[in-house]
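# Per-entry structural report
As a plain string of letters, each chain reads:
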Amino acid sequence: MSAEKRDEGLIAAARAAADRSYSPYSNFPVGAALRFDDGTVVTGTNIENASYGLALCAETVAVSKAMAEGRRGGLEAVAVTGPGAHPITPCGRCRQVLNELAQLGDTDPDILCVGPGEVHRVKLSALLPAAFGPASLD
Ligand code: THU
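Residues numbered from 1 in each chain as written. Predicted model: local features only at pLDDT ≥ 70, side-chain atom pairs only at ≥ 80, totals over all residues. Heavy atoms only, no water.

### Topic: the site of the ligand
Taken together, Ser26, Phe28, Val30, Asn46, Glu48, Cys57, Ala58, Glu59, Thr89, Pro90 and Cys91 make up the full set of residues near the ligand. In the environment of the ligand, an oxygen atom lies 2.7 Å from a nitrogen or oxygen atom belonging to the side chain of Glu59. One nitrogen or oxygen atom from the main chain of Cys91 is found 3.0 Å from an oxygen atom belonging to the ligand. Considering the ligand on its own, with 380 Å² of exposed area, one finds that the protein chains cover 78% of that surface. Of the residues assigned to the shell around the ligand, the class counts are 6 nonpolar, 3 polar and 2 charged. (Near = heavy atom within 4 Å. Polar contact = N/O pair within 3.5 Å; in protein donor to acceptor, adjacent residues only side chain to side chain. Areas by Shrake-Rupley, 256 points an atom, 1.4 Å probe, with all protein chains shown as cover. Nonpolar A, V, L, I, M, F, W, Y, C, P; charged D, E, K, R; others polar.)

### A closer look at the pairing of strand E1 (residues 31-36)
Burial within E1 is extensive, with 6 of its 6 residues counted as buried. Here E1 shows no split at all, with Gly31, Ala33 and Arg35 on one side and Ala32, Leu34 and Phe36 on the other all buried. By the bridge criterion, 5 bridges tie E1 to strand E2 (residues 41-45) in an arrangement that is antiparallel. Residue pairing in the sheet places Ala32 in a bridge with Gly44 of E2. The hairpin formed by E1 and E2 contains 4 residues between the paired strands, and Gly39 there has a positive phi angle of roughly 90°. (Buried < 20%, exposed > 50% of the residue type's maximum accessible area, 1.4 Å probe, protein only. Helix = DSSP H or I, 4+ residues; strand = E, 2+ residues; numbered from the N terminus. Pairing = 2+ DSSP bridges.)

As structure tokens, then:
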């Protein structure tokens, strides 16, 4: 499969995840899809709470699912979709959460920030330079 087709599939998976968003307070459904080096895609969506500050972001849910399934690396690409007029970039906390999984496998994943008419591709290391990660505790 071509790289373009794989990215299209990843974006479609993120969009499908956003359809399952639980975001009645913000009405801002976000979808995230993680692609691993074995081709597996793990998705997440934002899960809000009546105690507003407890909302879980789509990327964090996706990383949590993947790690709960036993993944400890191999993260190659991430697609993030939202409903707004601009491409979604992961929030600061999600950058850190993504970094943990990426550093465990020594990868620097492409982050596909998806907007209505454009896809902005950026490396995680560019979104989170000089990251604090597992190796920082050595
Ligand atoms: N949100 C995400 O899911 N990911 C991000 O990177 C940014 C924000 C969610 C949190 C909240 O449910 C909604 O978007 C509005 O902030």
